[in-house]
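# Fold and contact review
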Amino acid sequence: MRLVAVAVPVPFLDLLTYNVPDSLAMPPIGARVRVPVGTRTLTGCVVRHDALVEVGTDVKDIAEALDCEPLLPQSIVELCRWVAEYYVAGIGDALAVAMPPGARRKGSAFRKQRIAALSAMGLDQGLTPRQGAALQILSAAPAGLPTSDLRERGVTPAVLAGLVKRGLVVMRDERDERDPFERAAMTDVVPDANRELTDEQERAAGELFALADAAQFRVALLHGVTGSGKTEIYLRLADRVRRSGRQVLLMVPEIALTPSMTALVRGAFGDRVAIQHSALSTGERHDQWHRIRRGEVDLVIGTRSAVFAPLDRLGLIVVDEEHDSSYKQEETPRYHGRDVAIMRASREHALVVLGSATPSMESYHNAATGKYVRITLERRVLDRPLAAVRLVNMRTEYSDEGPEVVISRDLAAAIGERLACGDQALVLLNRRGYSTAVFCRQCGDTFECPNCSVSLTVHRARHGLHGSNEASRGGWRARCHYCNYSVLVPTACRKCAAPYLEHAGFGTERIEEHLRERFPEARIGRVDRDSVRRKGALTQILSKFAARELDVLVGTQMIAKGHDFPGVTLVGVISADVGLGLADFRASERSFQLLTQVAGRAGRGERTGEAIVQTLYPDHYSIQLACRQDYPAFFEREVVYRRGMRYPPFFALINGVVRGRSFEDAMQQAREIVRRLEPATAIGRFTILGPAPAPLGRLRGEHRVQFFLKGTRRSDMRNALMQVVADMPEIRRRLTIDVDPLSVL
Ligand code: ADP
Ligand code: ZN
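Nothing here was measured: the structure is a model prediction, and the numbers come from that model.

### Notes on the overall build of the protein chain
Per the secondary structure count, the protein chain includes 21 helices and 30 strands. Computed over the C-alpha atoms, the radius of gyration of the protein chain is 28 Å, within 12% of the 27 Å expected from 2.2 N^0.38 for a compact globule of 745 residues. Reported as C-alpha extents along the three principal axes, the dimensions of the protein chain are approximately 85 × 80 × 70 Å. Scored against the burial criterion, the 745 residues of the protein chain give a buried share of 54%. The contacts of the protein chain with a sequence gap of at least 6 include a subset with a gap of at least 24, amounting to 75%.

### Structural notes on the site of ligand 1
In the vicinity of ligand 1 there are 16 residues, among which E196, Q201, G227, K230 and D564 approach most closely. One nitrogen or oxygen atom from the main chain of E196 is found 2.8 Å from a nitrogen atom belonging to ligand 1. In the environment of ligand 1, an oxygen atom lies 3.1 Å from a nitrogen or oxygen atom belonging to the backbone of G229. Contact with the protein chains covers 84% of the free accessible surface of ligand 1, which is 560 Å². In terms of residue class, the shell around ligand 1 is built from 4 nonpolar, 7 polar and 5 charged.

### Things to note about the pairing of strand β1 (residues 3-7)
The buried fraction of β1 is high, at 5 of 5 residues. Burial of β1 is two-sided: the residues L3, A5 and A7 facing one way and the residues V4 and V6 facing the other way are all buried. With 4 bridges connecting them, β1 and strand β2 (residues 16-19) associate as antiparallel partners. Following the sheet pairing, L3 is matched in β2 by N19.

### A look at the sheet that holds strand β19 (residues 457-460)
On the basis of which strands lie adjacent, the open sheet formed by 3 strands has the order β19-β20-β21 and antiparallel pairing. In the strand order of this sheet, the two ends are held by β19 and β21 (486-489), each with one partner. Direction aside, neighbouring strands of the sheet carry axes that sit 30 degrees apart on average. As paired strands, strand β20 (residues 476-479) and β21 are joined by 4 bridges and run antiparallel to one another. Along β21, the bridge assignment pairs R477 with L488.

### Some words on the packing of aromatic side chains
Across all of its chains, the model carries 14 aromatic pairs by this definition. Taken together, a centroid distance of 4.7 Å and an interplanar angle of 65 degrees make the contact between Y86 and Y87 edge-to-face. Between Y641 and Y647, the aromatic rings sit 6.1 Å apart at their centres with planes inclined by 55 degrees, giving tilted as the arrangement. Y641 gets classed as partly exposed once you look at its relative accessible area, which sits at 31%. Members of the aromatic cluster, each reached through a chain of ring pairs, are Y364, F592, Y621, Y631, F634 and F635. For R395, the ring lying beneath its charged end belongs to Y617, and the centroid distance is 5.3 Å. For the cation-ring pair, R494 lies above F447, with the distance from its terminal atom to the ring centre recorded as 3.8 Å.

### A word on the sheet that holds β2
Read across the sheet, 5 strands follow the order β2-β1-β4-β3-β5 without closing on themselves; strand pairing throughout is antiparallel. Since the sheet does not close on itself, it has two edges, and those belong to β2 and β5 (64-65), each with one partner. When strand β3 (residues 32-37) meets strand β4 (residues 40-48), the two strands line up antiparallel, connected through 6 bridges. Counterpart to V35 in the pairing with β4 is L42.

So, how was this worked out
- Residues numbered from 1 in each chain as written.
- Chains lettered and ligands numbered in written order.
- Predicted model: local features only at pLDDT ≥ 70, side-chain atom pairs only at ≥ 80, totals over all residues.
- Heavy atoms only, no water.
- Helix = DSSP H or I, 4+ residues; strand = E, 2+ residues; numbered from the N terminus.
- Rg over C-alpha atoms; globule rule 2.2 N^0.38 Å.
- Buried < 20%, exposed > 50% of the residue type's maximum accessible area, 1.4 Å probe, protein only.
- Contact = heavy atoms within 4.5 Å.
- Near = heavy atom within 4 Å.
- Polar contact = N/O pair within 3.5 Å; in protein donor to acceptor, adjacent residues only side chain to side chain.
- Areas by Shrake-Rupley, 256 points an atom, 1.4 Å probe, with all protein chains shown as cover.
- Nonpolar A, V, L, I, M, F, W, Y, C, P; charged D, E, K, R; others polar.
- Pairing = 2+ DSSP bridges.
- Axes fitted to C-alpha atoms, helices over the stretch in contact; angles between N-to-C directions.
- Phe/Tyr/Trp six-rings, centres within 6.5 Å; stacked < 30°, edge-to-face > 60°.
- Lys NZ or Arg CZ within 6 Å of the ring centre and 35° of its normal.

Here is the structure:
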């Protein structure tokens, strides 16, 4: 028998062993094969050649080999094995992240694009309305359209087949190289190759060059204040690595939020760049992936999943804004892109550069203890000062102006000044929606999610489905941000029929409305997950703001990230305390990062910037220190708390959440898991906390109970968990394991 171990896309499933029948050549590691699993045949990936089986086991044959060359490089297969083990996920789940889109569908990864085009002749009599509509779409595209695009526009394969039969449409296959940069590039950023680096940049670049030249695994933390010119250093370092014949992976939290980075990279590397992120269409991602696989690029820019890009001469990984929580995937496999990057670099002898103005506690700790090389940029380029930050105590504001105040006197005056002189302003409130709740003033009835233990967020109703126009009726819609349940808010109370429904709390929509009333002449835009739902909407708003067609941009944390808008001289923070109250040990860290980052958006041009921060807790250390933009002081303070409470970076955490139809059911299962884990704590030196109801006690109709493992050796905790999961196979579909959790709700 010739045995291979195959990963299949079934959650939690381990490697399965198959025989390669004599009629087939031995498929290499990383090749896809079709294999029988239960009653189905699935596409899997060969992970090992040295599979073993017990004597007498019935080993099934591989049904079909799809690739004779490995689709995934062996290094990526091995990286995925590490991810599966470290994050206690199934190997199939881990490999699925690394696969190009469409690879699961039989053979499709190598299939060319199908293009449908109008034929020169044909009988167009007696067409169905859908066929007619399809012809109309195609008549506007003389070169034809990919069938996948047509499907998105409602033209089904059956409709196309009917048209082909009549001779009205012809099909052809094409290898189509789309250019996703066309959409990404919004600003005409011209990299200035001859620009002189500042002394600090020069020194930092010199140190990094030396590390890159050594061609060994190292991690460097580039801790540079906002506006210190980190991007320029990345680009020069990337260029140097490319010249030495190796490749570069540049990771960013969100492509749409870093369009200038993308444009700069494109300017510097031309065609030898690929882009990888989830907002690309399947076809685009597929093209880009195969360009990388064919070795046609020197640099890949992308979001967290780009860490699995099939580069085979990797010399450098840059993780920009390394503290950003979007590097953590909040679904299985729950990996952290930065940490996988470090693991990958150590296997491939590459340099990792973690860049941030507000490093994660973990990374700064590693730099402080000498595990990482620390490189610091203390000043902004061209000696531009950091924005001066002013705190507004909202308690004083409420007592002077009443409880309805949203925008303080100071902030309103400052916005007015900016509008008068043509400068721009950013206004941050890290909470979307119009209000946080509606309630009846007479009976107190509120709108809660029937599926989750949260109250519904109220939004201005938009044009609804089926042509109804909620907004024109001045309506409100209450929506659950977890399960998306929504309900129109009636004009009178559902319970007591009193017409006194009132809004409590406020979100970005209300701020936008408020500013429009207050400054009717201002051009105002909004950036949050609701306003940028439509594809391309985010790029559009940001480019309008960059082109100074907007004066004020209101938004959630999306406006705090990495942007470089030289026209912004004012940043307002509406509620600096959002997030501070959360029962989460990272709350202070997150608040500090957000405030420091958003204040860092001001004064990046020639004129000095200012930030005004409204808060109810002006004495809280994370707010105080963010105002001084004093990262080292924040770290020193926070680290005492983390050490005392035995939290990361001193102790590792694993979070387990058990879901159940009833609370008792979930609790009982969680107790059973904990009971079975207990004996291992003696040997493995870790502790178990819980089980206890999760802060979000109910989610999508299921009850949630959580527990934590806390210790200094992750492997001990993981092994114990894996043993329990192996002993309780039925628990897998109800248990979520999160290793190094970022959010524990
Ligand atoms: P960071 O990412 O550290 O916040 P950026 O890389 O966005 O900072 O740089 C801030 C601004 O300074 C950008 O507009 C950039 O073009 C500019 N810049 C960077 N380096 C220099 C330099 N050596 N001389 C002049 N301007 C620079
Ligand atoms: Zn819900």
